[in-house]
Every structure is written in C-alpha cells, then in structure tokens.
Amino acid sequence: MHLKCIYCFEEKPKVLFSKTEHIIPQSFGMFESNFTLNGIVCDECNQYFGDNLEIGLARDTYEGISRFDFGLKKEKDFKTLGKKGSIIIKIAEGPLKGAYAFREYSKKQNKITLQPIPQVGFLKKNSEDYQYYLIDQLPKKEDLSV
C-alpha cells in the first residue's frame with residue numbers, strides 16, 4: 001500500500017509514514033489533545049521540517065524566546081541562532097544603552113545574557129548617549145552631523 005505526502009506530493013510505501021507530524025511543534029510544549037497528523041506526512045518531510053522550520057521557530061522568534069521569559073522552559077536549555085539570528089535587541093538601559101545585541105545563555109553566569117553584535121557607536125553631540133550603527137548600516141561621513 002502507498003500513501004501520498006501532503007507536502008512533497010510523492011506516493012511512498014506506508015512504512016515511510018511512521019512518524020507523527022505535530023501541528024504545534026513539541027518544542028512549544030506537549031499538550032493534551034495536541035493536533036497531530038498521521039499517515040499523510042512522509043517521514044522525510046517530517047524530519048526536514050523538524051530540522052529546518054521548527055528550529056527556527058523555537059530559537060529565532062519572539063514566541064520561542066517567550067518560553068524562557070515566562071518560565072515555561074529552563075534558561076539552561078536556551079539555544080539561539082546567535083549572530084545569524086534575525087532577532088536583534090536594542091539595549092534599553094545601562095552603559096550600552098542603544099547598542100544592539102542578541103540573547104545567549106551564559107554558562108558562567110548561569111542565565112540568559114545579552115551579547116553585543118558588531119557595531120559602531122558615535123557619541124551624540126551635547127549628550128552622554130551614543131548612536132549605534134550595525135556594520136552593514138554605517139552612515140557615510142557626509143550623513144553624520146559634526
């Protein structure tokens with residue numbers, strides 16, 4: 001007997017449809033009565049989405065990060081895409097106020113910390129604050145007021 005995968009549209013032997021496809025990825029929690037698909041997603045597509053899509057959703061979305069902010073997951077289990085991630089945070093206070101960073105788990109501090117990314121900061125005229133620019137967004141000299 002062959003089944004047709006709803007993602008790749010290939011007909012494959014039923015034995016290649018052994019895994020359960022979770023509508024809400026398990027990285028977001030194990031729910032009672034969680035919606036699942038059985039027998040309509042081939043194991044290859046299920047693995048592909050688990051390795052590619054779900055990792056991004058769990059590690060590089062605000063929803064994924066919120067699991068740690070609200071204590072649904074332990075900080076020591078925090079994993080990030082680091083500098084390659086799309087979530088960049090602008091530091092709101094402290095000595096690096098206005099600088100850009102990404103979140104990362106620090107084994108040394110045993111908590112999630114902010115790690116600055118490559119950038120340049122210029123002291124604002126008549127101020128103690130800096131204006132930060134990401135490396136790929138550096139302004140031209142003539143665009144900066146002297």
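Residues numbered from 1 in each chain as written. Predicted model: local features only at pLDDT ≥ 70, side-chain atom pairs only at ≥ 80, totals over all residues. Heavy atoms only, no water.

Participant: Explanation requested: the environment of Phe-122 in the structure shown.
Facilitator: Inspection of the secondary structure puts Phe-122 in strand β8 (residues 119-123). You can call Phe-122 partly exposed: its relative accessible area is 34%. Counting along the chain gives ten residues from Phe-122 to Tyr-132, while the straight-line C-alpha distance between them is 6.4 Å. (Helix = DSSP H or I, 4+ residues; strand = E, 2+ residues; numbered from the N terminus. Buried < 20%, exposed > 50% of the residue type's maximum accessible area, 1.4 Å probe, protein only.)

Participant: Which parts of the structure should I look at to understand helix α3 (residues 62-69)?
Facilitator: Two residues of an α-helix separated by three or four positions point the same way, owing to the 3.6 residues in each turn. When α3 is considered as a whole, its buried residues turn out to be Gly-64, Ile-65, Arg-67 and Phe-68. Seen from one end, α3 has its buried residues packed into an arc of 140°, which puts them on one side. Exposed residues lying more than 90 degrees from the buried face of α3 are Tyr-62 and Glu-63. Buried residues belonging to α3 abut α2 (53-59), β6 (100-106) and β7 (111-116). (Arc of directions from axis to C-beta. Contact = heavy atoms within 4.5 Å.)

Participant: Honestly, the side chain of Gln-119 in this entry has me stumped. Any pointers?
Facilitator: Relative to the helices and strands, Gln-119 resides in strand β8. Reaching out from Gln-119, the side chain makes a polar contact with the backbone oxygen of Tyr-100 at a distance of 2.7 Å. For Gln-119, the side chain forms a polar contact with the main-chain oxygen of Ile-117, separated by 2.9 Å. If near-sequence neighbours (up to four positions away) are discounted, Gln-119 is found in contact with Ala-99, Tyr-100, Tyr-132, Tyr-133, Leu-134 and Ile-135. (Polar contact = N/O pair within 3.5 Å; in protein donor to acceptor, adjacent residues only side chain to side chain.)

Participant: So what exactly am I meant to see when it comes to the nonpolar core here?
Facilitator: Generally speaking, nonpolar side chains in soluble globular proteins are found buried as a group. Core analysis: the largest hydrophobic core is formed by eight residues, namely Ile-91, Ala-99, Tyr-100, Ala-101, Phe-102, Ile-117, Tyr-132 and Leu-134. Put simply, the parts of the chain that give this core at least two residues each are β6 and β9 (130-134). Of the residues forming this core, the biggest block, three residues, is contributed by β6. Beyond its immediate chain neighbours, meaning those up to four positions away, Ile-91 contacts Leu-96, Lys-97, Gly-98, Ala-99, Ala-101 and Leu-114. (Core = buried A, V, L, I, M, F, W, Y, C linked by side-chain atoms within 4.5 Å.)

Participant: How should the pairing of β8 be read in this particular structure?
Facilitator: Note on strand geometry: in a regular strand, side chains alternate between the two faces of the sheet. Across five bridges, β8 lies against β9 in antiparallel orientation. In the strand pairing of β9, Leu-123 is matched with Tyr-130. Turn length for the β8-β9 hairpin, with the two strands adjacent in sequence and antiparallel, is six residues, and the turn residue Asn-126 shows positive phi of about 55°. (Pairing = 2+ DSSP bridges.)

Participant: Would you take a moment to explain the environment of Leu-72 for this structure?
Facilitator: As for its placement among the helices and strands, Leu-72 is situated in the loop between α3 and β5 (89-90). Residues Leu-72 and Leu-96, 24 residues apart in the sequence, show an inter-C-alpha distance of 29 Å.

Participant: Sorry, what's going on with the state of the cysteines here?
Facilitator: When the sulfur atoms of two cysteines share a covalent bond, that bond is a disulfide. Counted under the stated rule, the structure contains zero disulfides. No disulfide involves Cys-5; its sulfur sits 3.7 Å from that of Cys-45, the nearest cysteine. On the basis of relative accessibility, which here comes to 1%, the residue Cys-5 falls in the buried class. With no disulfide of its own, Cys-45 lies closest to Cys-42 among cysteine sulfurs, the gap being 3.6 Å. Exposure remark for Cys-45: the relative accessible area of 12% places this residue in the buried category. (Disulfide = S-S within 2.5 Å.)

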